[in-house]
Amino acid sequence: MPKPRSRVIGARDQLIVLGYRLGWGLLRAVPERFARAAFRVGADLAWRRRGKGILRLRSNLARVLGPEVSSQRLDQVTREAVRSYARYWMEIFRLSVIPQDEIISRMDLAGEDRLWTAMQRGQGLVVALPHMGNWDHAGAWLVLRGIPFTTVAERLEPAEVFDRFVAFRESLGMEVLPLTGGASPPFRILADRLRAGGAMCLLSDRDLSRHGVAVQFFGARATMPAGPARLALDTGATLLPAVLWFENGGWGCQVYPPVDHTDVATMTQELADAYAEAIAEHPQDWHMLQRLWSDDLEPGRRPAAAADPDHEVDGSAATGGPAAV
């Protein structure tokens with residue numbers, strides 16, 4: 001029987017793989033202050049280049065800061081946001097060498113009791129987050145505090161990068177389900193985990209499918225994934241909005257009160273409202289470099305109403321990151 005041929009990747013993908021190999025290898029070996037300085041320089045260079053992603057980030061932040069914001073102020077916040085995003089990547093590569101006691105002690109968390117109350121109910125916990133701060137650190141913190149959880153990862157190319165991210169997150173104690181290509185749709189597995197009293201963390205501020213829920217977000221229409229609300233309604237699990245940001249000496253987090261079990265549209269709007277409140281307070285730590293609002297999307301890509309719950313899982317984070325449901 002002939003051996004299966006290995007997939008040949010292009011030059012661009014080879015550079016991406018090399019970059020991630022260097023990140024996980026080299027950056028774990030250098031002092032944090034050097035890594036932080038290098039990533040800050042890289043962030044400033046990216047901001048000056050004004051590439052597509054940076055311009056989209058600036059446009060998104062203009063919505064957050066409002067129509068009266070000056071160009072100077074918008075540029076300042078955008079530059080801070082690019083630095084924040086660079087810090088996220090620097091910490092990703094170094095998270096495995098940060099002492100566990102520091103992962104816990106440097107987290108300033110408000111509303112922690114809501115996590116424990118939800119787990120003690122025994123009916124499952126869904127933590128829904130926006131793309132803010134360092135969600136991988138928050139996941140490591142949660143596991144170290146005694147709440148292992150399940151998440152979903154978008155399957156992106158090159159495959160080696162996706163595999164590395166899955167292995168990295170599993171090494172932190174997370175269960176990672178692939179968004180596509182798994183044995184069964186992730187929605188069903190997530191529901192089973194919740195019915196068994198488990199927990200999950202889902203990035204939920206951006207919908208890439210045509211099954212999103214329409215919400216008002218900073219005064220305009222956007223769509224967000226239906227999955228968190230649908231999972232909570234179907235299983236009886238507690239749905240908690242949570243937001244993250246960076247602090248000079250560590251990380252900040254706010255866990256909001258549970259979302260009432262009403263209907264998918266109302267519950268998703270409540271998530272959007274919590275996200276908007278936090279993003280308005282920490283705009284520099286919102287890492288949204290893609291189109292989000294409906295009037296920014298091309299007509300053929302504008303989401304329609306949700307149809308099939310099994311297909312409500314949408315990848316929203318880059319490089320195989322946690323996916324939105």
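Structure's up top.
Residues numbered from 1 in each chain as written. Predicted model: local features only at pLDDT ≥ 70, side-chain atom pairs only at ≥ 80, totals over all residues. Heavy atoms only, no water.

> I would appreciate a short explanation of the packing of aromatic side chains in the present structure.
Ring pairs (aromatic) are described by centroid distance and by the angle formed between their planes. Taken as a whole, this structure holds nine aromatic pairs when the rule is applied. Each ring, one from Tyr88 and one from Trp135, has its centre 4.6 Å from the other, and the planes form 35 degrees; the classification is tilted. Taken as a pair, Tyr88 in helix H4 (residues 71-94) and Trp135 in helix H7 (residues 135-144) lie far apart in primary sequence, 47 residues in all. Note on Tyr88: relative accessible area 2%, which makes it buried. Trp135 sits in the buried class, given a relative accessible area of 10%. Ring centres of Trp89 and Phe93 lie 6.3 Å apart, and the angle between their planes is 35 degrees; on these two criteria the pair is classed as tilted. Of this pair, Trp89 and Phe93 are both found in helix H4, four residues apart, which corresponds to roughly one turn of the helix. Phe93 gets classed as buried once you look at its relative accessible area, which sits at 7%. An aromatic cluster is built from Tyr85, Tyr88, Trp89, Phe93 and Trp135, whose rings are joined through pairwise contacts. The ring centre of Phe34 lies 4.6 Å from the NZ or CZ of Arg33, which sits over that ring. When the ring centre of Trp47 is taken as origin, the NZ or CZ atom of Arg50, which lies over that ring, is 4.8 Å away. (Phe/Tyr/Trp six-rings, centres within 6.5 Å; stacked < 30°, edge-to-face > 60°. Helix = DSSP H or I, 4+ residues; strand = E, 2+ residues; numbered from the N terminus. Buried < 20%, exposed > 50% of the residue type's maximum accessible area, 1.4 Å probe, protein only. Lys NZ or Arg CZ within 6 Å of the ring centre and 35° of its normal.)

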